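In case you want the letters, here they are:
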Amino acid sequence: MSLLQWSARVPAALALSASLLFAAAPAHAAYPDHPIRWVVPFPAGGAMDNIARTLGEEMSRTLGQAIVVENRPGAGGNIGAEMVARAPADGYTLIIVANGMAVNPALYGKLSYDPVKDFAPVSLLAVVPNVLVANKAKNPARTVADVIAAAKAKPGKYTYASAGNGTSIHLAGELFTSMAHVDLLHIPYKGSGPAMTDLLGGQVDYMFD
């Protein structure tokens, strides 16, 4: 793929069910005494999944317990977030999140969880750049100027994939179209893995991966 010069840095963070940080640990058991479930609210193969699986291996060695990564994709991360919000607040269910916790309340009419009250932040894990990419074998664009020129010549013809509505990939695309004054068609997926598959297959033209 060709890399085009547009990027936005997006943090990935770890959160868990609320009240854990304020709950007293049982005197008879040291944490953790059984496997920990780590929910990734996107499909396998994307940045969030890779971060969780890579760090999960190290966490497992450090803690002496298995870290079980579980993918629960859909609705811009809302499906996974709802599941974790309903889990016991005992520290054994974690979720990796990005900008969705901040922007989804403004994008969805009603959420089944409260991003502030239902979760306790644990740690900033990574800062990930989003880079505009195109399939080199199927797309002649080599610069941002090429993308803009093509989009202005044929408004609405070219597409960009995202990991779902409200994700950083989607918002990067919307910011780009606004700043460049072009019309690109947004194609949302359940995660960046499936979106990248279609970009490589030529079903979509661009992606802010």
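Our structure is the block above this text.
The present account deals with the structure reproduced in this document. (Residues numbered from 1 in each chain as written. Predicted model: local features only at pLDDT ≥ 70, side-chain atom pairs only at ≥ 80, totals over all residues. Heavy atoms only, no water.)

The helix and strand tally for the chain stands at six helices and eight strands. Secondary structure elements of the chain, listed N to C terminal, follow the sequence β-β-α-β-α-β-α-β-α-β-α-β-α-β. Split into buried and exposed, the 209 residues of the chain put 45% on the buried side. Within the chain, contacts between residues separated by at least 24 positions form 80% of all contacts whose residues are at least 6 apart in sequence. Here the chain has roughly 10,400 Å² of accessible surface; of this, 59% comes from carbon and sulfur atoms. (Helix = DSSP H or I, 4+ residues; strand = E, 2+ residues; numbered from the N terminus. Buried < 20%, exposed > 50% of the residue type's maximum accessible area, 1.4 Å probe, protein only. Contact = heavy atoms within 4.5 Å. Areas by Shrake-Rupley, 256 points an atom, 1.4 Å probe, with all protein chains shown as cover.)

Now for the pattern of salt bridges. Throughout the structure, instances matching the rule amount to five salt bridges. Between Glu-82 and Arg-86 there is a salt bridge; the shortest N-O distance is 2.6 Å. Here Glu-82 pairs with Arg-86, and both are found in helix α2 (residues 78–86), just four residues apart, close to one helical turn. By sharing partners, the salt bridges in this structure join Arg-37, Glu-70 and Arg-72 into a single network. (Salt bridge = Lys/Arg side-chain N within 4 Å of Asp/Glu carboxyl O.)

Let us look at helix α6 (residues 192–201). Among the residues of α6, those classed as buried are Ser-192, Gly-193, Ala-195, Met-196 and Leu-199. The buried residues of α6 occupy an angular sector of 160° when the element is viewed end-on, so they sit on one face. Where α6 terminates, the next one or two residues include Gly-202, which has phi positive at roughly 85°. (Arc of directions from axis to C-beta.)

In this structure, the largest pocket occupies an estimated 440 Å³ of space. Lining the largest pocket are 32 residues, with Phe-42, Ala-47, Met-48, Ala-98 and Ser-168 sitting closest to its centre. Every element with two or more residues in the lining of the largest pocket is listed here: β1 (2–17), α1 (47–63), α2, β4 (93–97), α3 (100–107), β5 (119–134), α5 (168–180) and α6. Looking at the lining of the largest pocket residue by residue, the classes come out as 18 nonpolar, 13 polar and one charged. (1 Å grid on protein atoms, 1.4 Å probe; cavity = no way out; pocket = protein on both sides within 12 Å on 5 of 7 lines; lining within 4 Å. Points joined across faces, edges and corners; volume = space filled by probe spheres on them. Nonpolar A, V, L, I, M, F, W, Y, C, P; charged D, E, K, R; others polar.)

Following the sequence through the fold, Leu-125 ends up in strand β5. Residue classification places Leu-125 among the partly exposed residues on the basis of a relative accessible area of 25%. Note: C-alpha distance between Leu-125 and Ile-51 (74 residues apart in sequence) is 8.2 Å. Once you skip the residues sitting within four places of it in the chain, Leu-125 turns out to touch Ala-12, Ala-13, Leu-14, Trp-38, Ile-51, Leu-55 and Ile-96.

Residues spaced three or four apart along an α-helix point in a common direction, a consequence of the helix completing one turn every 3.6 residues. Between its first and last C-alpha, α1 extends 24 Å over 17 residues, near the 24 Å set by a 1.5 Å rise per residue. Where α1 is concerned, the buried positions are Met-48, Asp-49, Ile-51, Ala-52 and Gly-56. Gly-64, located one to two residues past α1, shows a positive phi value of around 75°. (Expected span 1.5 Å × (residues − 1).)

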